[in-house]
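Structural overview for review
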Amino acid sequence: MGFTYNEIRRAAYLLAPGTAPLTARYRALPFPEQWRDSLLALCDAGRDAEAEPYRTVPTYRMDGVLQSLAPDLVVRGRGSEKHGDEKDFWLYAPADIPHPLPDAAFERLLTAWVRNLRPEPEHRGRVVETLAELRADPPRWREVEVDLLGCDTTDGGTALPLGRQFQLATDHLARRVLSLEPYDTGAGLLRFRAVPRGPRQQGAELMSQPLPHEVKNRTWWFSVVINISLHTAPFSPHLRLHVHTGLRRWATHPAANGRLHLPFRRDTSVYLRPTVPWLPGTPTSERYAVARLTWDRTERAHDWRETSPAGILRGIALGQPFPDPAELLTEPEWWIGEGPGVRASVVHSNHMGQHGVKAGLMSHQRSQIVEWAEQALPEGLTRAPDLRRSRISPNTPANPRPKTQGDAKKAEEVRTTHARRAALAVAVRAISDEETASTGVPVMEARLLWQTATMRDTAIAALAEVLALDGDGGAPVAEAFDTAKPGVPVLLRWETPELAILLRCLPLSGGLADSLDIDPAPRGRGRALAAAITARRTAVTDFLTADGADPEAAALALVEIDRRIDFRTPLHDPKFALRLGCADAGVVTQFTAVPRKARGYNSEKNAAYRARSAWLDGLRQLGVRVVPEHTLGDRLPADLHYAAVWMVKRRADGPTRVARHAPVTVLVGPSDPGSGQAVIRGWDPEQRAWIPYPKFLLRLTRIAELPDAPDEIEGDRAPGTSNEVDEGYAPGMEIPLSPPPTDGQPYPRVTFQERHHKREEQRAKTARYLQKMLRSLHGHPTLLLAHSQNGRAHWPWLQDGQVIADLIRTGHASAGRLDPDLRLVRVRDASGRETPQWWGIGNPSGVNGLAAGLWTETSDSRVFYSTTDKAGTFRASAVEADKLAPRALRMGKRKGEPTIDTDIPAWNPALMEVTVLGCHPASLGEEGDTPEALAMAVHQLRQAADYLDALSLPLPLHLAALAQEYVLPTVAEEDDGSDDPITTDDRG
């Protein structure tokens, strides 16, 4: 038995009550508004008279250059002073350091920027005139004092930070950490440097020197990273600083073609460390610079992105030149570590293959690094109180995942398969609108669309195992499978007491699983992709319709296709087109990969496991789910339903150039006590009715419809930043799009007004949807779940800065009281580092480990925290694992021997915040809700017995989020596995 942790500690810090304000002095430079007219005239010179004129000066590129080449500056961005903080400025520099941007250096950057605004030869004279006008009236630096953590509060009692505090407060703490003695790992010293962070990144970052790790005579490089970010907590008047630790791995070895394989359609970050200042005349900085490599379609090669320093500063002399991209990609290891001239490290991503150093730090090592950094805390800044384990009820649901061995395990497996068949019978009746009391045995029709005999036979056997089916279903000779075709499939049938299973086996012929046929021309790529998806979608629908598929029903198909990486690019992957085509024929889909043997890869070994998992996931799409049953008794209303709202999103700068935003809601009805089986439905806004979950998924494909001309970007941008800050943009500002133009023309523009109008339109649609959906919930007690990062941009009431306890607002009307049957709970995960890293404390051995449970800070809290056990695939990751120095093994045959864990992946369960935004507390002697009981029910909903591991979200939200698979166009918009993005699994 391991140690049971009853308290956990967070790497979160706030000012202690009664403490003096935390202030700092800066040199500050306001944006020179006197330059506005001259710069706008330059940008509009020679443009079509009918073209919309620039409303504001496009400073995006200049901001990036300033942040990288003068890294000791804090760059707030143009127009930031209009975000409610009249004392905000464009540039900041601590008053106690050498001036990071003397006038001569600023003049050089100004010249390069203005020339870059209009690089066309015919505008050279106008550029010279504009520069003369700007030099005649230069801006002036000022001395200012800034309160870093003091702020007003909202009507709901939540801290309301100013925009500049997200950068200045975190930068201030980061500078204090840099002043500490180097961190002693036990095998060496870590010397950290700061990394420039722009206004949209909202935080500070420190990174150690690159460290080598030897694996089988190959050297791999990595660095330790410390991130500091500023956040709010609902109903708390105090701003909080979060400290996150982790690893950043460096691309070290080229691919077989002699070059690094960079991610498709994504920029790749390169961290640069010069040995002399970039700009002559500026002081030496110990900070890194960051530039980005991108694919230049014209040159058919990778080059520095135009918005990076190397792009805007082409043609002017720097203290040291940027590395040549070709040399960097062919010899990446030469540029890492110590050496002559500028040092450069390319961030590793999974697209580059395996890395000898595995991601993340485990809990104990995290706590050690954070404890070292805590020495830099200024007076008055203290750690957030430790959290204690909730004792309101057991942390596990009434129907937990069974943990049995031997004969008992076999008996449990038999019981589970019979329960699964019973649940499937209920789901099939719900899909076909039959009465549950019908005397007829329902028939579940499924299809197996196969490509290889290996997976075909494996999938048939896996289905029989999953549902405990006897016999082979009447399988014919093997040759019969090869001659099957739509309308004449191989039919396998099993009869059980609960239902009949009919499996239609068809080879996926006619090139339906082949790579999409996309016109390779660089322009019109979105249109070509849409055409390819539409053509394949239609072909798949025709294929299934010819086999008798009914668009009004809902069946299941298991589809065998190649892996994503087996296609030429992610855009050529036909998976989404296959899903849409199947959906048009009334078939929900689950995919499994073609078994293959390749160098370092053999998926034939786990084909049976993958097939079994695919069938289970497919049955879940039909509504076969085990819903965790709470253990709160009469602390919760009887017959409590769970609803979960999720914003399905698709960005306009994705491959199809089409934005889509639509709320979806899943409703989980109460289950029969002890069965865990519940009715799962989704809200259909057109019918204004709750429909079976699989039919709900099929109807979502309408959201994925692609217009005839999808190449026009509709003005959407990336999701909002942490704590609902509007990315530092102000009315009239230009919002740069990705990718930038390569023909020397000014940046395409989507103004703040256009973006604001689009956002308001989306919010209005969401409000209408919510109002109708919520009315449908009248009459039975319901706990409504929402996800903060996913939903707050379109449902503003979820924002920390808006919410008021026990009220609700869905549109422009004032907030009102909750319906007597409704409770509102918001969850927030670790994405954006919005919940802090954590570890269990109190172990007599001194090891700070991990613990599953619901945690609370005070007895009257509305804010709780949920943690789960480690995922099964990471059981080998010891909580005391050390990636920086050898440690002695504590157990096993090699007890006492030294080991190092650099090549073992680390994974820590993320801290999920559970906030009871609205309930009905007891009053005037009447019984009411207990917020802690509601939070415990949400925590237990993460522990569904039919999953191997706990879910990252409560089950109803998990089901709603899965709907996105029927809306997203391609995998190209997914996280590419880079060590740069923030992940929600909290690997660190």
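Residues numbered from 1 in each chain as written. Predicted model: local features only at pLDDT ≥ 70, side-chain atom pairs only at ≥ 80, totals over all residues. Heavy atoms only, no water.

1. A word on the overall build of the protein
Threshold: Helix and strand labels come from DSSP, where a helix needs a run of H or I of at least four residues and a strand needs a run of E of at least two; each type is numbered from the N terminus. Residue contacts follow a heavy-atom distance rule, with two residues in contact if any of their heavy atoms lie within 4.5 Å. Methods summary: accessible areas were calculated by the Shrake-Rupley approach with a probe of 1.4 Å, and residue burial reflects only the protein chains presented.
For the protein, the helix and strand inventory stands at 20 helices and 44 strands. Of the contacts formed within the protein by residues at least 6 apart in sequence, a portion of 73% connects residues at least 24 apart. Carbon and sulfur atoms provide 50% of the accessible area of the protein, an area that totals close to 40,600 Å².

2. Topic: a positive patch on the surface
We apply this condition: In this analysis, a patch consists of residues with relative accessible area above 30% that form no salt bridge, clustered at 9 Å for like charges and at 5 Å for the nonpolar side chains Val, Leu, Ile, Met, Phe, Trp and Tyr. Salt bridge, as used here: a side-chain nitrogen of Lys or Arg that lies within 4 Å of a carboxyl oxygen of Asp or Glu. Think of it this way: Lys and Arg go in the positive column, Asp and Glu in the negative one, and His and the chain ends go nowhere. Note on charges: their place is set at NZ of Lys, CZ of Arg, CG of Asp or CD of Glu. Partly exposed residues are those whose accessible area sits between 20% and 50% of the maximum for their type, while under 20% is buried and over 50% is exposed, using a 1.4 Å probe and protein chains only.
On the surface, a cluster of positive charge is contributed by Arg688, Arg768, Lys772 and Arg775. Structurally, the position occupied by Arg768 is in helix α17 (residues 752-775). For Arg768, a relative accessible area of 44% translates into the label partly exposed.

3. With respect to the packing of aromatic side chains
Spelled out, the test is: Stacked, tilted and edge-to-face pairs are distinguished by plane angle, under 30 degrees for stacked and over 60 for edge-to-face with tilted covering the rest, among Phe, Tyr and Trp rings (Trp via its six-membered ring) whose centres lie within 6.5 Å. Cation placement over rings: the criterion is NZ of Lys or CZ of Arg within 6 Å of the ring centroid and within 35° of the ring normal.
Evaluated as defined, the whole model comprises 14 aromatic pairs. Seen in terms of ring centroids, Tyr183 and Trp372 are 5.6 Å apart; in terms of plane orientation they differ by 65°. Their pairing is edge-to-face. Taken as a pair, Tyr183 in strand β9 (residues 183-184) and Trp372 in helix α9 (residues 363-373) lie far apart in primary sequence, 189 residues in all. Taken together, Phe31, Trp35, Trp90 and Phe106 form an aromatic cluster joined through their ring pairs. Its end group placed over the ring of Phe481, Arg456 keeps NZ or CZ at 4.4 Å from the ring centre. We note Arg579 situated over the ring of Tyr966; from NZ or CZ to the ring centre the distance is 4.8 Å.

4. A look at the packing of helix α1 (residues 36-44) against helix α4 (residues 124-135)
Defined as follows: To define axes, lines are fitted to C-alpha atoms, for helices over the stretch in contact only, and angles between the resulting N-to-C directions are given on a 0 to 180 degree scale. For classification, angles of less than 35 degrees are called roughly parallel, those exceeding 145 degrees roughly antiparallel, those between 65 and 115 degrees roughly perpendicular, and all remaining angles oblique.
Contact pair α1 / α4: the axes reach a minimum separation of 9 Å and the direction vectors enclose 170°. For the element pair α1 / α4, the angle class is roughly antiparallel. On the side of α1, the interface is formed by Ser38, Leu39, Ala41 and Leu42, while α4 contributes Arg126, Val127, Thr130, Glu133 and Leu134.

5. Focus on the pairing of strand β26 (residues 587-593)
Formally: Pairing between two strands is assigned when DSSP locates at least 2 bridges connecting them. Orient the strands so they point away from the viewer; a crossover is then right-handed if the path from the first strand over the helix to the second runs clockwise.
Within β26, seven of the seven residues are buried, leaving the element largely enclosed by the surrounding structure. Of the two faces of β26, the one holding Val587, Thr589, Phe591 and Ala593 and the one holding Val588, Gln590 and Thr592 are both buried throughout. Where strand β25 (residues 555-561) and β26 come together, seven bridges link them in parallel fashion. Opposite Ala557, over in β26, you have Thr589 as the bridge partner. The β-α-β motif built from β25, the intervening helix α14 (residues 575-584) and the parallel element β26 has right-handed crossover chirality.

6. So, unusual backbone geometry
Phi is positive for Phe235, which is not a glycine, with a value near 70°. In this fold, Phe235 is placed in the loop between β14 (218-231) and β15 (240-250). Its relative accessible area of 22% is what places Phe235 among the partly exposed residues. For Arg833, which is not a glycine, the phi torsion comes out positive at approximately 55°. Among the secondary structure elements, Arg833 is positioned in the loop between β38 (822-828) and β39 (838-841). Take Arg833: its relative accessible area is 13%, and that puts it in the buried class.

7. Structural notes on helix α10 (residues 406-431)
Rules: A helix is expected to reach a length of 1.5 Å times the quantity of its residues less one.
Across its 26 residues, α10 extends 37 Å between first and last C-alpha, which sits within 8% of the 38 Å expected from 1.5 Å per residue. All buried positions along α10 are accounted for by Glu412, Thr417, Arg420, Arg421, Ala423, Leu424, Ala425, Ala427, Val428, Arg429 and Ile431.

8. Comments concerning the pattern of salt bridges
Inspection of every chain in the model, using the stated rule, returns 49 salt bridges. With a closest N to O distance of 3.1 Å, Asp457 and Arg456 form a salt bridge. Judged by its relative accessible area of 4%, Arg456 is buried. With a closest N to O distance of 2.8 Å, Asp547 and Arg504 form a salt bridge. Pair noted here: Asp547 is in the loop between α13 (525-545) and β25 and Arg504 is in strand β24 (residues 500-507), with a separation of 43 residues, a long-range link. You'll find Asp547 and Arg504 in the same group, each marked buried. Residues participating in the shared-partner salt-bridge network are Arg792, Asp800, Arg826, Arg828, Glu834 and Glu913.

9. Here we look at the sheet that holds strand β5 (residues 91-94)
Pairing is antiparallel in the open sheet, where four strands are placed in the order β4-β5-β3-β6. The strands lining the two open edges of the sheet, one partner per strand, are β4 (74-75) and β6 (142-147). Of the strand pairs in this sheet, strand β3 (residues 23-29) and β6 are connected by six bridges, and their pairing is antiparallel. Looking across to β6, one finds that Thr23 is bridged to Asp147.

10. Quick word on the environment of Ala344
By the element assignment, Ala344 lies in strand β19 (residues 343-346). A sequence separation of 55 residues divides Ala344 from Ala289, and the C-alpha atoms of the two residues are 9.4 Å apart.

11. With respect to the side chain of Thr219
Among the structural elements, Thr219 can be located in strand β14. When residues no more than four places from it in sequence are discounted, the contact partners of Thr219 are Pro212, His213, Glu214, Thr252, His253 and Glu333.

12. Focus: the side chain of Ser393
Threshold: Throughout this description, a polar contact denotes any pair of N or O atoms lying within 3.5 Å of each other; where both atoms belong to protein, one of them has to be capable of donating a hydrogen while the other can accept it, and for residues adjacent in sequence the pair is counted only when both atoms sit in side chains.
You can see Ser393 is positioned in the loop between β21 (387-389) and α10. Assessed through its relative accessible area of 9%, Ser393 is described here as buried. A distance of 3.2 Å separates polar atoms of two side chains, one belonging to Ser393 and the other to Thr631. Setting aside residues no more than four positions away along its own chain, Ser393 makes contact with Thr631, Leu632, Met936 and Gln940.

13. Structural notes on helix α2 (residues 60-69)
Counting buried positions over the ten residues of α2 gives eight, a clear majority of the element. Those residues of α2 lying buried are Arg61, Met62, Asp63, Val65, Leu66, Gln67, Ser68 and Leu69.

14. Considerations on the packing of helix α11 (residues 453-466) against helix α15 (residues 607-621)
Worth spelling out the cut-off: Less than a right angle of anticlockwise turn of the near helix away from the far helix marks a crossing as left-handed, whereas a clockwise turn marks it as right-handed.
Where α11 contacts α15, the two axes come as close as 8 Å, and the packing angle between them is 55°. In this view, α11 runs oblique relative to α15, as classed from their interaxial angle. The hand of the α11/α15 crossing is right-handed. Across the interface between the two elements, Met455, Thr458, Ala459, Ala462, Leu463, Glu465 and Val466 from α11 touch Ala607, Ala608, Arg610, Ala611, Arg612, Trp615, Leu616 and Leu619 from α15.

15. Here's the deal with the sheet that holds strand β17 (residues 289-296)
The strands that make up a sheet are held in pairs by hydrogen bonds between backbone atoms, and each pair lies either parallel or antiparallel. With respect to topology, four strands assemble into an open sheet ordered β18-β17-β16-β19, the strand pairing being antiparallel. In the strand order of this sheet, the two ends are held by β18 (301-304) and β19, each with one partner. Across this sheet, the average inter-strand angle for adjacent strands is 30°, counted without regard to direction. Taken together, the four bridges between β17 and β18 define a ladder with antiparallel strand orientation. The residue of β18 that forms the bridge with Asp296 is Ala301.

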